[in-house]
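One-letter residues, chain by chain:
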There are 2 protein chains.
Amino acid sequence: MPRAGLDQATVTAAGAALADEVGFGALSMGLLAERLGVRTPSLYKHVTSQADLAHRIAVLALNEFADAIRDAIQGRAGREALVSGAHAMRRWVLAHPGRYAAGNAAVVTGPDDPLLPAVQRVLASWTAMLHGYRLDRGQDIHALRMLRSMLHGFATLEAAGSFRIATDIDDSFTWMLDFIDHGLAGNQPDSRTAP
Amino acid sequence: MPRAGLDQATVTAAGAALADEVGFGALSMGLLAERLGVRTPSLYKHVTSQADLAHRIAVLALNEFADAIRDAIQGRAGREALVSGAHAMRRWVLAHPGRYAAGNAAVVTGPDDPLLPAVQRVLASWTAMLHGYRLDRGQDIHALRMLRSMLHGFATLEAAGSFRIATDIDDSFTWMLDFIDHGLAGNQPDSRTAP
DNA sequence: CCAAAAAGCTAATCTCATTAGCCAGCGGTG
DNA sequence: CACCGCTGGCTAATGAGATTAGCTTTTTGG
């Protein structure tokens, strides 16, 4: 019988896809093996452990995530960049909840962990976007943390189904971005939208 | 030999304490049993399953969480209430990471789930706090969602050790609360603090 | 003091992750 | 074309955890 022809990348990609389908927490070696048409122990020829698999999925996920945000911010500035980037992030998380969870659960293991550059890429995009607001020195780090908190919090709460009231969640997200934009733009409500 | 004298409440409380110590994810029936000086199967005389235990911990946690926020907001309004409540929440999460994780992982199972009133209590406190800002009709729900996203996001990122830069995290938290307060107060930076 | 309910315990089952050891397909070499 | 070594897949076995079954003994109401 011919071999399945798996390799690290294939197994990782399949794991990521499966995590999106069944939830990162429900991802198991057995389920993944079945999905790949192989017996469970065979997976260990490509990943050293379930933790290793999870880490590889996280690296893959964070790079895709970084790509999505970078592309959404490209060529835009200020409010445009904020809104585009934030919506891209939200869309990506809703489309890839398992990958997002894997990325959040991952821990940097050492100085040459490929997770590190992936994380940096995400932060670099947000930082570049914030530069458009020309904040005072020292405010950048606070604004970045606030932005991350807000977007990450919104994404996880939404993914967890914690927004239960009927009011449209899209509206809340847009409202929140407006709030941030106005605040960052220096409390000058209409300065950016007036003709 | 005398009995250990356990009951549901004791087991749940011990489980919550253990979750705070070792992390909610590392909580196991065996570890809890050992902590209580009993054999693992004995726990099943008090909780029906590990999922049941986790749910009970979540209910306990959310009620304690609600208490902390209610107490912090009591007797204050506007910025005072926001800052006090937010700091109380942050302090509570840092002191009880396992409980907080249990509360987040919990899912409402039915219409008479005791988790429901606990969640409502938390939301009610935040809603009451926001009333102090006299927002326009329809804005409340958006502001509430933004507040939850921001605080939950900050708390989870901080608990996960995701804020790695040296800059003081306390400062970022305070900066974020100022940002929110200013925005909610209607983009009138000094209207609330001027004599 | 007695009987039933409650709370512990041991032994056994099941699900998973992981390891050990065997065997066959594949690619390159003579 | 036959051969060799590596690699990827397989079966069998181990070990941690959750959970269940069934037995025993403390507790408690009468």
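Just above sits the structure.
What you are looking at is a predicted structure, and each value in this text was computed from that prediction instead of being measured.

### Let's talk about the relation of the copies chain B and chain A
- Overlay of chain B on chain A (RMSD 0.0 Å): rotation 180°, translation along the axis 0.0 Å. Considering both components of the superposition, the chain copies are consistent with a two-fold axis.
- Here 97% of the contact residues of chain B are again contact residues in chain A; the copies associate through an equivalent surface.

### Points about the protein's contact with DNA strand D
- Neighbouring DNA strand D are 20 residues, the closest being S42(A), K45(A), H46(A), R3(B) and Y44(B).
- The sugar-phosphate portion of DNA strand D accounts for 57% of its atoms within 4 Å of the protein, the bases making up the rest.
- A distance of 3.2 Å is found between a phosphate oxygen of DNA strand D and a backbone nitrogen or oxygen belonging to L6(A).
- For DNA strand D, a phosphate oxygen lies 2.6 Å from a polar atom in the side chain of H46(A).
- By residue class, the composition of the surface near DNA strand D is 8 nonpolar, 8 polar and 4 charged.

### What to know about the interface of chain B and chain A
- On the chain A side, the residues contacting the 31 residues of chain B number 30 residues.
- Taking both partners together, chain B and chain A bury about 3,000 Å²; carbon and sulfur atoms supply 68% of that area.
- When the buried area of chain B at its contact with chain A is split by residue, R145(B), W175(B) and F179(B) rank highest and sum to 24% of it.
- Taken together, the links from chain B to chain A amount to 0 salt bridges.
- For the pair chain B and chain A, the interface holds 12 residue pairs in polar contact (both at pLDDT 80 or more).

### Side note on the packing of aromatic side chains
- The final tally for this structure, using the stated rule, is 11 aromatic pairs over all chains.
- Look at F154(A) and F163(A): their rings are 5.0 Å apart centre to centre, the planes differ by 50°, and that puts the pair in the tilted class. Of the two residues, F154(A) and F163(A), both sit in the buried class.
- Site record: aromatic cluster; members linked through ring pairs are W175(A), F179(A), W175(B) and F179(B).
- Between the NZ or CZ atom of R90(A) and the centre of the ring of F173(A), over which it lies, the distance is 5.1 Å.

### Some remarks on the protein's contact with DNA strand C
- In the vicinity of DNA strand C, 20 residues are found, and the nearest of them are Y44(A), R3(B), S42(B), K45(B) and H46(B).
- Each atom of DNA strand C within 4 Å of the protein belongs either to a base or to sugar and phosphate, the latter forming 55%.
- With respect to DNA strand C, the backbone of R39(B) contributes an N or O atom lying 2.8 Å from a phosphate oxygen.
- Partitioning the surface near DNA strand C into residue classes produces 8 nonpolar, 8 polar and 4 charged.

### Description of the nonpolar core
- By size, the foremost hydrophobic cluster in this structure holds 84 residues, and its most contacted members are W126(A) and W126(B).
- Once residues within four sequence positions are removed from consideration, W126(B) is found in contact with I69(B), I73(B), G85(B), A86(B), M89(B), L144(B), L147(B) and L151(B).
- Membership of the second largest hydrophobic core comes to 17 residues, among which are L6(B), L18(B), A19(B) and L27(B).

What counts as what
- Residues numbered from 1 in each chain as written.
- Chains lettered and ligands numbered in written order.
- Predicted model: local features only at pLDDT ≥ 70, side-chain atom pairs only at ≥ 80, totals over all residues.
- Heavy atoms only, no water.
- Least-squares fit on C-alpha atoms with pLDDT ≥ 70 in both.
- Contact = heavy atoms within 4.5 Å.
- Near = heavy atom within 4 Å.
- Polar contact = N/O pair within 3.5 Å; in protein donor to acceptor, adjacent residues only side chain to side chain.
- Nonpolar A, V, L, I, M, F, W, Y, C, P; charged D, E, K, R; others polar.
- Buried area = accessible area lost by both parts, 1.4 Å probe.
- Salt bridge = Lys/Arg side-chain N within 4 Å of Asp/Glu carboxyl O.
- Phe/Tyr/Trp six-rings, centres within 6.5 Å; stacked < 30°, edge-to-face > 60°.
- Buried < 20%, exposed > 50% of the residue type's maximum accessible area, 1.4 Å probe, protein only.
- Lys NZ or Arg CZ within 6 Å of the ring centre and 35° of its normal.
- Core = buried A, V, L, I, M, F, W, Y, C linked by side-chain atoms within 4.5 Å.

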